Amino acid sequence: MSGVLDFFTNTLGGLWSDSGLHALFADGGWKNLIMILVSFVFMYLAIAKGFEPLLLLPISFGMLLTNLPMAGLYHPELWVLVDGHVNYGEVLKEGGLLDILYLGVKLQLYPPLIFLGIGCMTDFSPLIANPKSFLLGAAAQGGIFFTFVVAGLLGFTAAEAGSIAIIGGADGPTAIYVSTRLLTGGGAITTGNIALAAYTYMALVPIIQPPIMKALTSKKERSVKMEQLRTVSKTEKIIFPIAVTIIVSLLVPSAAPLVGMLMFGNLLKESGVAARLIDTAQNALMNIITIFLGVSVGATTKADQIINIKFGGVMLLGVIAFSLGTACGLVFGKIMYKVTGGKVNPLIGSAGVSAVPMAARISQKVGAETDPTNFLLMHAMGPNVAGVIGSAVAAGVLLSVIG
Amino acid sequence: MLSFPVMLADKVLHGTEKLDGTQIVSMTIIGLLVVFCALLILVVFLCVSGGIFKKASGGSQKAAPKKDAPKPAPAAKAPAPAAKAAVPKASAPAAPASGEDEEIIAVIMAAISAMGAAEGKQYQLRSVRQVTRGGSGRSVWAQAGVLDATRPF
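Treat the numbers as computed from the prediction; the structure is a model and nothing was measured.

What counts and what doesn't
Residues numbered from 1 in each chain as written. Chains lettered and ligands numbered in written order. Predicted model: local features only at pLDDT ≥ 70, side-chain atom pairs only at ≥ 80, totals over all residues. Helix = DSSP H or I, 4+ residues; strand = E, 2+ residues; numbered from the N terminus. Rg over C-alpha atoms; globule rule 2.2 N^0.38 Å. Buried ≥ 20, exposed ≤ 12 C-beta atoms within 10 Å, placed from the backbone. Contact = placed C-beta atoms within 7 Å. Core = buried A, V, L, I, M, F, W, Y, C linked by C-beta atoms within 7 Å. Nonpolar A, V, L, I, M, F, W, Y, C, P; charged D, E, K, R; others polar. Axes fitted to C-alpha atoms, helices over the stretch in contact; angles between N-to-C directions. Parallel < 35°, antiparallel > 145°, perpendicular 65-115°, else oblique. Left-handed = near helix turned anticlockwise from the far one by under 90°. Expected span 1.5 Å × (residues − 1).

With that settled, consider the overall build of chain A. Along its length, chain A carries 22 helices and 0 strands. Relative to a compact globule of 403 residues, whose C-alpha radius of gyration would be 22 Å, chain A shows 23 Å and is just as compact. Over its C-alpha atoms, taken along the principal directions, chain A stretches across nearly 95 × 45 × 40 Å. Buried residues in chain A amount to 56% of all 403 residues. Contacts in chain A between residues at least 24 apart in sequence constitute 76% of all its contacts with a sequence separation of at least 6.

And the structure:
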């Protein structure tokens, strides 16, 4: 009888020690618990508040899955470099589901494919009609480089500073692309940290940008009604992606995967002869990659990699980067307002931080608050899509310089 | 001071090293310069190509009216019969503002006459004037379209 009881208690004890609940209350388990709660907050923001739900929901669920102890879906130890390389054979042999999905992030496949879909969905007409918008898109990248200064002065390494700075580009795929390439040393900051910060702030664009926009512009400047944009011919729309690919790739080759795929997608759209490919790229493929990217990036947010002081630094510098990018775009918008004799509404400058199309919507919204008959949306779309190209170029510069 | 070609040739900042003041300043200036130069080249390209396309489309637009030039004269008498066709008792034709398309005036008159016929009344279109809008310069329909498209934002 006692043998049966011993067997019973031993089995129960074994089951308990192998369970996630035991691990949750074991040493350091509280960190997992916190991360699970954080994932709930993100789910709430995505579902109840509608903040970037297509990305925030997969990321938050990936965060939940990876922080469930003993589930074994993702193994950070498999991604530690051995002799400067990841042992991909080991990943395929020992990895969980999320390790396999993370291969697309690590091999930098997902961000360019997302850009392909974005290219299919983007209309560059406002930019082609008003090429000066490119300058606003360039100015907003000041957020990236000024944050690089702050991060460098705070003692972050070159790779960490570059990865944090790219958050200022307000472009999730670009941030993931750059941080995956730069953060290879297994330091305290991971791609998951950067992606989390980038997507958090992108989701918070409607909260972060308006106060800065109102603080840096006068009511008179915000009331400027811009001239209607000219109609862009189909030939111009077809030439544009080809020209941008050639010019940018020749100048900054490291930006070619992102800009090349963005422009390829746009060429598919504008050519008007590849309806099936466009349909796949902007719907099925885009959705599949978004799910894979979101869940696998969420998986990299293991509690011990997130709950540390450096991640606090990333979040702080992230919001600085975002705010500086917005401010730089606005300041350049004000310069253009002066130079053109009041023909440019400076509010469209803040849309230069990418975050398509949310940043342009904010320009429209703030403009309409000042004058409800003012329609800035199409004018703001120019700097907005220019910001996508600008942040890809800035990413190329960072990747070219930091090794 | 670091020069950009050198930086592109070898990655001069090692990812694991901490940055000194010179590196930070150089990187910031070079980064901003490269981004601005790249996008400035695109601005120049778009301005040049846009100018060429504008000229090309402007030329074809100028050529087009010449072909259609004889049309307005025969259409000048169109409004009254058109209005009468809609409602025989409808009144005299309006005095069209210079440059207004007479066919459009006929359509407006026909619509007003039809409305009047339903109520048993007769209306007279005395003049059609262009309204000067101080704002965007969009037509009422374009304004309504823009409003409809941007209301959710």
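Helix and strand content of chain B: 6 helices and 2 strands. From first element to last, N terminus to C terminus, chain B shows the α and β order α-α-α-α-β-α-β-α. Counting across all 153 residues of chain B, residues that qualify as buried make up 17%. In chain B, once contacts between residues fewer than 6 apart in sequence are set aside, the share between residues at least 24 apart is 61%.

Turning to helix α12 (residues 172-182) of chain A, a few remarks are in order. Given 3.6 residues per turn, any residue in an α-helix points the same way as the ones three and four places further on. Within α12 of chain A, 11 of the 11 residues are buried, which leaves it mostly tucked inside the rest of the structure. Among all positions of α12 of chain A, only G172, P173, T174, A175, I176, Y177, V178, S179, T180, R181 and L182 of chain A are buried.

Okay, the nonpolar core next. One finds A165, I167, V393 and A395 of chain A to be the most contacted residues of the largest nonpolar core, which totals 145 residues. The leading source of residues in this core is helix α22 (residues 377-401) of chain A, at 16 residues. Setting aside its immediate chain neighbours within four residues, A395 of chain A contacts I166, G169, T174, Y177, V178, A255 and L258 of chain A. The next biggest cluster of nonpolar side chains, apart from the first, holds 5 residues, and it includes I105, M109, I112 and L125 of chain B.

With that settled, consider the interface of chain B and chain A. Contacts between the two partners involve 38 residues from chain B, matched on the other side by 49 residues from chain A. For the side of chain B that touches chain A, the secondary-structure elements that each account for two or more residues are α1 (4-9), α2 (21-68) and α6 (140-150) of chain B. Across the side of chain B that touches chain A, the residue classes tally to 22 nonpolar, 12 polar and 4 charged.

As a rule of thumb, non-glycine residues mostly have phi less than zero, and peptide bonds are mostly trans rather than cis. All names here are of chain A. Here V356 and P357 are connected by a cis peptide whose omega angle stands at -10 degrees. By the element assignment, P357 lies in the loop between α20 (309-339) and α21 (358-370). The phi dihedral of Q108 is positive, around 55 degrees, even though this residue is not glycine. Among the secondary structure elements, Q108 is positioned in the loop between α6 (97-106) and α7 (110-121).

Time to look at the packing of helix α14 (residues 205-216) of chain A against α21 of chain A. Residue and element names in this part refer to chain A. At their nearest, the axes of α14 and α21 sit 10 Å apart, and the two run at 45 degrees to each other. The angle between the axes of α14 and α21 places the two elements in the oblique class. Our pair here, α14 against α21, has a crossing hand that is right-handed. Facing V205, P206, Q209, P210, M213 and K214 of α14, the residues of α21 in contact are M358, A359, I362 and V366. Counted by class, the contact of α14 with α21 contains 8 nonpolar, 1 polar and 1 charged residues.

Residues and elements named next belong to chain A. For the pair α7 and α12, the least separation of the axes is 8 Å and the interaxial angle reads 160 degrees. Relative to α12, the element α7 is oriented roughly antiparallel. As for how α7 packs across α12, the hand of that crossing is left-handed. Residues P111, I114 and F115 of α7 touch α12, and the partners they reach there are P173, T174, I176 and Y177.

An ideal rise of 1.5 Å per residue puts 45 Å on 31 residues; α20 of chain A measures up with 45 Å between its terminal C-alpha atoms. Directly after α20 of chain A, the chain includes G341 of chain A, whose backbone phi takes a positive value near 70 degrees.

Honestly, that's just the spatial picture; any functional story needs more than this.
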